[in-house]
Amino acid sequence: MKRPLFPTGRIIAATTALALLAGCTTFSKDGGFDTVSTTASQRLGKDAVLVKTDEDRNAVAKRTQELLSRPFGMDDAIQIALLNNRGLQASYSELGIAEADLVQAGRLPNPGFTFSRTHGGNDLSISRTFTLGVLNLLTMPLATRIESRRFEQTRLLAADAMLKVAADARRAYIGAVAAKQSAAYAEQVKDSAEAGAELALRMQQAGNFSKLDYAREQAFYAEAVAQVAKARQQSVAAREKLTRTMGLWGSQAQYDLPERLPDLPATRPELQDLEHFAMQNRLDIQAAKLQTQSVASSLGLSRATRFINALDVGYQNDFTTSDGREQGYEISVEIPVFDWGTSKVARAEAIYLQSANRVAETAINARSEVRESYSAYVTDYDVAKHYRDEVVPIRKTISDELLLRYNGMLASVFELLADSRDQIGAVNSYIDALKDYWLAETDLQQALGGRLPPSAMAAAPFASMTPQASSTDSEGQ
């Protein structure tokens with residue numbers, strides 16, 4: 001015979017308490033985007049936006065147009081990318097998915113209701129059963145904590161994705177401006193080679209120039225034409241890469257780039273204890289730690305439920321014509337006869353060990369990336385400074401002296417042309433060195449978590465990221 005169920009008052013009180021508990025986990029107003037926006041503001045000095053409505057899109061389009069209305073610098077390119085990059089906006093959707101899982105974990109499982117009506121002869125039987133998954137209810141606090149960590153991990157990963165897009169935009173901007181600068185210089189070289197080839201032709205026709213010397217001038221001009229075509233294509237490819245990174249299309253892609261890269265900073269700051277700074281500052285390491293903590297909590301949940309995989313409590317209300325109305329409850333428990341849950345626990349432990357090793361790998365790789373990027377940063381700065389302060393000035397001195405000799409009729413025009421060719425390698429090498437330095441600084445910033453240490457930024461006056469006139473106009477050499 002079935003026992004009487006709890007008094008009706010207790011049922012109502014328990015139901016009310018569960019309903020209040022279910023309402024504790026709700027969707028946040030910002031959907032977890034505050035981590036991304038705060039990171040963008042603090043580490044980049046930029047605004048990150050989540051575009052969801054037509055009003056958001058209109059605001060983004062208006063601000064983008066303002067930034068595109070003038071030749072813009074690295075900072076502007078980064079801001080445009082944070083506003084328009086569709087891949088970045090797609091990654092923000094992971095926030096909504098993770099928050100939905102968190103809210104779902106904090107809500108009560110839906111109850112079940114079963115109704116049956118049978119009759120045989122003169123006997124009619126009606127059964128009504130109301131069930132509730134008690135095990136899901138008991139493990140709900142732990143499941144909520146696990147999903148909360150996962151949500152926090154997703155927020156960190158979204159912020160890290162934003163920093164990577166910012167770094168990609170910076171690299172693309174550097175590549176596009178450097179390619180445009182190289183293409184412009186290649187045009188100057190071609191014009192000079194064309195003038196030399198024309199002069200050599202006239203002198204050869206007058207009998208004052210050998211066929212060999214004339215062929216050399218023509219070969220140099222032919223090579224210069226090919227280099228211009230190659231430089232133009234490289235400039236187009238670099239510009240399109242920047243356009244894709246910034247997420248622009250249509251009329252927005254008709255923007256103006258500055259003529260040259262920003263100047264090399266006057267001094268290079270001495271950076272200390274960078275590995276420790278990276279360990280504290282990198283979001284991918286923080287996200288990996290949270291994932292390991294989440295897996296550890298999941299392992300605890302697996303051990304707690306290894307024997308009891310299903311526990312349901314049901315309220316029954318039966319009616320038969322012979323016995324009348326009957327009330328009671330039933331408990332359904334899965335009996336671990338064949339499956340004792342050992343495979344579930346073993347799987348969870350393996351996942352935990354995997355996650356722990358992933359964290360260690362991430363930290364080890366991060367330290368190596370910091371050392372490598374800092375070495376490149378120092379070396380590329382010194383090389384660019386060497387070209388700026390030594391190689392290019394020496395080439396200019398040689399050119400000035402040769403021009404004086406030419407004015408004094410002590411040197412021929414072809415000696416001037418030959419000297420111009422010698423300058424080509426030096427100028428192109430300086431452009432490449434300057435490009436390599438800015439790329440190395442970008443890589444170092446990313447390896448450190450999106451920024452250099454604040455003390456380093458305050459100690460050294462870095463060059464402006466906006467277009468400006470250069471103090472060393474190497475193209476004019």
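All chains use their own residue numbering, which begins from 1 and follows the written sequence. In keeping with the model being predicted, local features are shown solely for residues with a pLDDT of at least 70 and side-chain atom pairs are shown and tallied solely at 80 or more, while totals for entire chains, interfaces and linings include all residues. In computing side-chain values, all of the structure's heavy atoms are included and hydrogens and water are not.

Colleague: Help me out: how do you make sense of the overall build of the protein in this one?
Modeller: The number of helices and strands found in the protein is 13 helices and 4 strands. In the protein, which comprises 477 residues, the share counted as buried stands at 40%. Throughout, a contact is declared for two residues whenever any of their heavy atoms are within 4.5 Å. A fraction of 80% describes how many contacts in the protein between residues 6 or more apart in sequence connect residues 24 or more apart. For every accessible area listed, the method is Shrake-Rupley and the probe measures 1.4 Å; residues are considered covered only by the protein chains on display. When the accessible surface of the protein is split by element, carbon and sulfur atoms take 54% of a total near 26,100 Å². Helix and strand labels come from DSSP, where a helix needs a run of H or I of at least four residues and a strand needs a run of E of at least two; each type is numbered from the N terminus. Throughout this description, buried means an accessible area under 20% of the type-specific maximum (1.4 Å probe, protein chains only), exposed means over 50%, and partly exposed covers the range between.

Colleague: Just to check I follow, could you spell out the pattern of salt bridges for this structure?
Modeller: Oppositely charged side chains are able to pair whenever their charged atoms sit close together. Throughout this description, the term salt bridge denotes a Lys or Arg side-chain nitrogen within 4 Å of a carboxyl oxygen of Asp or Glu. Scanning the entire structure with this criterion turns up 25 salt bridges. In this structure, the salt-bridge partner of R63 is D47, at a minimum N-O distance of 2.8 Å. Here D47 lies in the loop between α2 (34-44) and α3 (54-68) and R63 lies in helix α3, a separation of 16 residues in the sequence. By relative accessible area, which is 38% here, D47 ends up partly exposed.

Colleague: I would appreciate a short explanation of unusual backbone geometry in the present structure.
Modeller: Glycine aside, residues mostly have negative phi angles, and peptide bonds mostly take the trans form. Phi angles above zero are rare outside glycine, and D273 is one such case at about 55°. Considering the arrangement of structural elements, one finds D273 in the loop between α8 (211-246) and α9 (274-281). The exposure class of D273 is exposed, given its relative accessible area of 54%.

Colleague: Honestly, the confidence of the model for the protein in this entry has me stumped. Any pointers?
Modeller: If pLDDT is low for a region, its predicted coordinates should not be looked at in detail. On average, the protein scores 79 in pLDDT, and the residues at 70 or more come to 77%. What pLDDT conveys is the predictor's confidence in a given residue, as a value from 0 to 100. The spread of mean pLDDT over the elements of the protein runs between helix α1 (residues 8-22), the lowest at 50, and helix α4 (residues 74-84), the highest at 94. For residues 1-9, every residue scores under 50 in pLDDT, and the model assigns this stretch 13 contacts once sequence neighbours within four places are set aside. In this model, residues 467-477 is a region of pLDDT below 50 whose contacts with residues beyond four sequence positions or in other chains number 24 contacts.

Colleague: Please explain the layout of surface pockets as it appears in this structure.
Modeller: Sizing a probe to match a water molecule and rolling it over the atoms shows the empty space that remains. Computed over the protein atoms alone on a 1 Å grid, cavities are sets of points where a 1.4 Å probe fits but cannot get out and pockets are open sets with protein on both sides within 12 Å along at least five of seven lines; a residue lines them when it has an atom within 4 Å of a point. Grid points are joined across faces, edges and corners, and a volume is the space filled by probe spheres set on the points. In this model, the second largest pocket occupies a volume close to 470 Å³. Taken together, 19 residues line the second largest pocket, and the ones lying closest to its centre are S182, Q227, A231, Q234 and N428. Elements with a minimum of two residues in the lining of the second largest pocket: α7 (140-205), α8 and α12 (413-447). Among the elements that line the lining of the second largest pocket, the one with the most residues is α8, at 8 residues.

Colleague: For this particular structure, what's the right way to read α7?
Modeller: Given 3.6 residues per turn, any residue in an α-helix points the same way as the ones three and four places further on. Between its first and last C-alpha atoms α7 spans 95 Å; for 66 residues at 1.5 Å apiece the expected length is 98 Å, and the two agree. Following α7 by one or two positions, G207 adopts a phi angle in the positive range, close to 85°. One fewer than the residue count of a helix, multiplied by 1.5 Å, yields its expected span.

Colleague: Quick question: what am I supposed to make of the packing of α4 against α7 here?
Modeller: Helix packing for two helices is described by the angle between their axes and how far apart those axes are. The convention used is that axes are lines fitted to C-alpha atoms, helices contributing only their stretch in contact, and that angles between N-to-C directions extend from 0 to 180 degrees. Interaxial distance between α4 and α7 falls to 8 Å at its minimum, and their mutual angle equals 135°. Between α4 and α7, the interaxial angle falls into the category oblique. You can see that α4 and α7 cross each other, and the crossing is right-handed. Residues M74, A77, I78, A81 and L82 of α4 form the contact with α7, whose participating residues are M162, V165, A166, A169, R170, Y173 and I174. Gly falls in the polar group here, along with every residue not listed as nonpolar (Ala, Val, Leu, Ile, Met, Phe, Trp, Tyr, Cys, Pro) or charged (Asp, Glu, Lys, Arg). Across the contact of α4 with α7, the residue classes break down as 11 nonpolar, no polar and 1 charged. Roughly parallel here means an angle under 35 degrees, roughly antiparallel means over 145, roughly perpendicular means 65 to 115, and every remaining angle is called oblique. For any pair of crossing helices, the crossing counts as left-handed if the nearer helix is rotated counterclockwise from the farther one by less than a right angle, and right-handed if it is rotated clockwise.

Colleague: I keep staring at the environment of G450 and nothing clicks. Help me out?
Modeller: Mapped onto the elements of the fold, G450 is located in the loop between α12 and α13 (454-459). For G450, a relative accessible area of 13% puts it in the buried group. Non-local contacts of G450, meaning those with residues more than four positions away in its chain, are made with R43, L44, L163 and Q445.

Colleague: Explain the packing of aromatic side chains to me, please; I cannot follow it from the model alone.
Modeller: What describes a pair of aromatic rings is the distance from one ring centre to the other and the angle between the planes of the rings. Pairing of aromatic rings covers Phe, Tyr and Trp, the last through its six-membered ring, and needs centres within 6.5 Å; plane angles under 30 degrees mean stacked, over 60 mean edge-to-face, and all others mean tilted. Under the definition given, this model contains 7 aromatic pairs. Each ring, one from Y381 and one from Y437, has its centre 5.5 Å from the other, and the planes form 65°; the classification is edge-to-face. With Y381 in helix α11 (residues 342-407) and Y437 in helix α12, the pair connects residues that are 56 residues apart, well separated along the chain. For the pair formed by Y381 and Y437, the shared burial category is buried.

Colleague: So what exactly am I meant to see when it comes to the packing of helix α5 (residues 86-105) against α7 here?
Modeller: Put simply, α5 and α7 touch, their axes get as near as 8 Å, and they point 170° apart. What the angle tells us is that α5 and α7 run roughly antiparallel. On α7, the residues that touch L88, S91, Y92, E94, L95, A98, E99, D101, L102 and A105 of α5 are M140, A143, T144, E147, S148, F151, T154, R155, A158, A161, M162 and V165. Per-class residue counts for the contact of α5 with α7 are 13 nonpolar, 4 polar and 5 charged.

Colleague: Just checking my understanding: could you explain α2 for this structure?
Modeller: When α2 is considered as a whole, its buried residues turn out to be T35, V36, T39, A40 and R43. Considered in projection along α2, the buried side chains sweep an arc of 130° and stay on one side of the axis. Following α2 by one or two positions, G45 has its phi on the positive side, about 70°. This arc is built from the directions going out from the helix axis to the C-beta atoms.

Colleague: Even after reading the chapter, I still don't get the nonpolar core, so can you show me in this structure?
Modeller: One recurring pattern in soluble globular proteins is that nonpolar side chains are buried together. In this description, a nonpolar core means a group of buried Ala, Val, Leu, Ile, Met, Phe, Trp, Tyr and Cys residues linked to one another through side-chain atoms lying within 4.5 Å. With 67 residues, the main nonpolar core has M162, L242 and M246 as its most contacted residues. Considering each element in turn, this core owes the most residues, 15 residues, to α7. Apart from the residues lying within four places of it in its own chain, the contact partners of M246 are F72, A77, I80, A81, N84, N85 and Y255. With 8 residues, the next largest nonpolar core counts F220, I424, V427 and I431 among its residues.

Colleague: In this structure, what is going on with the environment of R232? I would like to understand it.
Modeller: When you line up the elements, R232 lands in helix α8. For R232, a relative accessible area of 46% puts it in the partly exposed group. Excluding residues that lie within four positions of it along the chain, R232 makes contacts with A183 and E187. In terms of polar contacts, R232 uses its side chain to reach the side chain of E187, at 2.3 Å. In the analysis that follows, any N or O atom pair within 3.5 Å is treated as a polar contact, provided that within protein one partner can donate a hydrogen and the other can accept it, and provided that, for residues neighboring in sequence, both atoms belong to side chains.

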